[in-house]
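Remarks on the overall topology
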Amino acid sequence: MSNEAGIATTAAEPAPAAEPLPHGLGASLPHADARAKTEGTFPYAADLWAEGLLWAAVLRSPHAHARIVSIDTTHAREMPGVRAVITHEDVPGTPRHGRGTPDRPVFAAEVVRHHGEPIAAVAADHPDTARMAAAAVIVEYEVLEPVTDPEHAFEAEPLHPDGNLIRHIPLHHGDPEAAGEVVVEGLYRIGRQDPAPIGAEAGLAVPRPDGGVELYLASTDPHTDRNTAAACYGLSPDRVKIVVTGVPGATADREDQGFQLPLGLLALKTGCPVKLTATREESFLGHAHRHPTLLRYRHHADAEGTLVKVEAQILLDAGAYAETSAEVLAAAVSFACGPYVVPNAFIEGWAVRTNNPPSGHVRGEGAMQVCAAYEAQMDKLAKKLGLDPAELRLRNVLATGDVLPIGQTVTCPAPVAELLQAVRDHPLPALPKDTPEEEWLLPGGPEGAGEPGAVRRGVGYGLGMVHMLGAEGADEVSTATVKINDGVATVLCAAVETGQGFTTLARQIVQETLGVEEVHVAPVDTDQPSAGPGCRGRHTWVSGGAVERAAKMVRAQLLQPLAHKFGMSTELLQITDGKITSYDGVLSTTVMEAMEGKELWATAQCRPHPTEPLNAAGQGDAFVGLAFCAIRAVVDVDVELGSVRVVELAVAQDVGRILNPAQLAARIEAGLTQGVGIALTENLRAPRGLVRHPDLTGYALPTALDAPDIRIVKLVEERDVVAPFGAKSVSAVPVVTSPAAIASAVRAATGRPVNRLPIRPQAAVVTDR
């Protein structure tokens, strides 16, 4: 009897309630596309297909600089299966394209300015046929001497109708006669880093019955790409549509526009869908890279180590075309002194054209190059003064209310001292043991190091800063629409998910504001209003702000009838865990009950406060907001072989507000790992302008074996009052700062100057042991 009763009682008990899924701001929601990527259903452009599909291939220049004598497409056109061959003669008018400054042709017509510049494109019924037909296009070149040294670009013959000088910024701040008791100088070189997107660059163009075309691309700035494409096709923007496919990560502009544009031209010419998947070599040759940079510095300080004056010359190699070089130079010049108080600064910056591969926007552009230089100068200054490197930095750090060398007052939170103290005081990692079982801890990996006695440990520091959003008067605006029907919310916003987590953030914003669990973010295309490019953390700020405002407008629509019914204002009602309650407890209902039979929607914009261009003296309120980071690097260096192992990176960062803890940590860790590549391995070499080894064998990306232990020591949540949610971007500033910190640690281990990135083995060898 008792057993039966016990069974009956157990059966009648309700099952334990499932733990509610986390939602809202501050929760670690998983990426919205995580399941699709793991199941293989994520819509990458390389997987697209259409009825009647043709395949495209592009013929690219084998020379860095040459005059085009003739182009003969006869043999290519006569090949079986070839449907179209196009050159500059098939482009209506003489349109130009390019991120930032439109100065490059769709196809080279009279002169080739860089290795890999597009000459012609082919559409055929099979990808192999298209490639063979492209190779069959006969181009007669008169090879010219390339200009590959940016210092020679000032006196060289013009490489472009607009000349070789893209921009010159002279920054004058303070007293030019000021001088310090202690002076250190340095010459620094930063190599060419490639964004190296892991996913293939691909696209599909489909002609429309109205004579227009639709482009399916992994674009990070679809509206700009649409307008550029329309101009190059001789069409109005309303006849070109871009549908954004899945973006397999982006640390820069995801797509080369010179890769996109031939697709639409071929589709319009053939009347058929056309697809192109770039090879890895084409990716390296086509898209923009980080600017190789030459930097000369002179720092003045008093006997106590307080900075008196900084003088610098910064020369950016823009490659053959301008792209975003003017913007990159502004960032480099503005942040040339770093997050330090410098009462007198005199900086000269230039961006010039050469016949090298094109340079453009890559995460932390401009700020990364100067960070490596000014932090090397701080190490030199500390050594000359006999001070601890961290102590010297603490004596000079920037804080809220200080003035940048461009004359702009820092109004946002700037807890630089707090960040540096946090990484300085964090316990150091244990020293490796000299036993065979732990040999893998040594530089070079298993069997890759010399004698353990040749290994020295070094500790170094880096302080970095970046700007958020655009600069110098850029109109930063985004539009979003939030709809809710039957308790399900939908967000429409043209902010592209590039891996930064915007779609997850949009879901969290709507969940928190409206108290609904199910939130969908619609796919992005150019039928939606523009949200701008996906860079510098701008979608967290601008697009997230637009989503929040639209959601709050829907919230008001939802609460207004209830507030009116009970004779109170909507401000006295709150939504928590899917329930609507009043301050006095009189009203209590669920969001689902309040929503019954209603369809609500609202559209809103977010536009941050305006900025202004730098004037003739390099002065102006050029930036909306700033983010800061401090990193302590610990490295082991084999001073006989010059091999370097990054043991640990300890990071402290001001993040404003943590919106998604797991996502934020992942972004910081990814940025730090990218910085390891910049510091030690990544350098796209182009002797005489010809890209050498344009593949992932010759271009060494850091792998999991190269990734150090990463310690996120401190995240300072001091909200920026002008930013939606008070949050700051988190991805770029670790990329900017970690190479400088690693170089600082190698200097500490070896006593060598280390004035070039990536660090070559010979720079870390100690001969006078």
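In what follows, the structure referred to is the one given above.
This report concerns the structure included in the present document.

Criteria and thresholds
Residues numbered from 1 in each chain as written. Predicted model: local features only at pLDDT ≥ 70, side-chain atom pairs only at ≥ 80, totals over all residues. Heavy atoms only, no water. Helix = DSSP H or I, 4+ residues; strand = E, 2+ residues; numbered from the N terminus. Rg over C-alpha atoms; globule rule 2.2 N^0.38 Å. Buried < 20%, exposed > 50% of the residue type's maximum accessible area, 1.4 Å probe, protein only. Contact = heavy atoms within 4.5 Å. Core = buried A, V, L, I, M, F, W, Y, C linked by side-chain atoms within 4.5 Å. Pairing = 2+ DSSP bridges. Expected span 1.5 Å × (residues − 1). Salt bridge = Lys/Arg side-chain N within 4 Å of Asp/Glu carboxyl O.

**As for the overall build of the chain**
When you go through the chain residue by residue, the secondary structure sums to 16 helices and 27 strands. Relative to the 2.2 N^0.38 estimate, which gives 27 Å for 769 residues, the radius of gyration of the chain is 28 Å and therefore close to what a compact globule would have. Going through the 769 residues of the chain one by one, you find that 58% of them count as buried. In the chain, 80% of the contacts between residues at least 6 apart in sequence involve partners at least 24 apart.

**Here we look at the environment of Ala66**
Tracing the backbone through its elements, the reader meets Ala66 in strand 2 (residues 66-72). Relative accessible area serves as the criterion here: at 0%, Ala66 is assigned to the buried category. Taking the C-alpha atoms as reference points, Ala66 and Pro146, separated by 80 residues in sequence, lie 8.3 Å from one another.

**Side note on the nonpolar core**
Grouped together as the largest cluster of nonpolar side chains are 104 residues, with contacts concentrated most on Tyr297, Ile314, Ile347, Leu626, Phe628 and Ile742. Not counting residues up to four positions away in its chain, the partners in contact with Ile314 are Thr293, Leu294, Leu295, Tyr297, Ala332, Val333, Ala336, Ile347, Glu348, Gly349, Trp350 and Val370. Formed by 54 residues, the second largest nonpolar core is a distinct cluster that contains Ile484, Leu505, Leu600 and Ala604.

**So, the sheet that holds strand 4 (residues 111-112)**
With antiparallel pairing, the three strands of this open sheet are ordered in space as 4-2-6. Strands with a single pairing partner mark the edges of an open sheet, and in this sheet they are strand 4 and strand 6 (138-143). Sheet analysis places strand 2 next to strand 6, joined by six bridges and oriented antiparallel. By the bridge assignment for strand 6, Ser70 is matched with Glu140.

**Some thoughts on helix 12 (residues 502-514)**
The end-to-end C-alpha distance of helix 12, which contains 13 residues, comes to 18 Å, matching closely the 18 Å that a straight helix rising 1.5 Å per residue would cover. Among the 13 residues that make up helix 12, twelve are buried, leaving the element largely enclosed by the rest of the structure. Looking at helix 12, one finds that the buried residues are Phe502, Thr503, Thr504, Leu505, Ala506, Arg507, Gln508, Ile509, Val510, Gln511, Thr513 and Leu514. Positive backbone phi, approximately 70 degrees, marks Gly515, located one or two places after helix 12.

**Points about the pairing of strand 5 (residues 118-124)**
Most of strand 5 sits out of view: seven of its seven residues are buried. By the bridge criterion, six bridges tie strand 1 (residues 54-60) to strand 5 in an arrangement that is antiparallel. Directly across from Val58, in strand 5, lies its bridge partner Ala121. Pairing analysis gives four bridges linking strand 3 (residues 82-86) to strand 5, with the strands arranged antiparallel. Bridge assignment links Val82 to a residue of strand 5, and that residue is Ala124.

**Details of unusual backbone geometry**
For residues besides glycine, phi is generally negative; the peptide bonds are generally trans as well. A cis amide bond, omega 0 degrees, links Leu757 with the succeeding residue Pro758. Its place among the elements puts Pro758 in the segment after strand 27 (756-757).

**Observations regarding the side chain of Thr129**
Here Thr129 lies in helix 4 (residues 127-136). What Thr129 contacts, discounting residues up to four positions off in sequence, is Pro80, Gly81, Val82 and Ala124.

**Details of the pattern of salt bridges**
Throughout the structure, instances matching the rule amount to 32 salt bridges. Between Glu142 and Arg67 there is a salt bridge, with its nearest N and O atoms 3.3 Å apart. One end of the pair, Glu142, is in strand 6; the other, Arg67, is in strand 2, and 75 residues separate them in sequence. Judged by its relative accessible area of 38%, Glu142 falls in the partly exposed class. Of the charged contacts in the structure, one is a salt bridge between Glu472 and Arg167, with a shortest N-O distance of 2.9 Å. Taken as a pair, Glu472 in the loop between strand 16 (455-471) and strand 17 (478-485) and Arg167 in strand 7 (residues 165-173) lie far apart in primary sequence, 305 residues in all. Each of Glu375, Asp379, Arg393 and Arg747 takes part in salt bridges that share partners, so that together they form one network.

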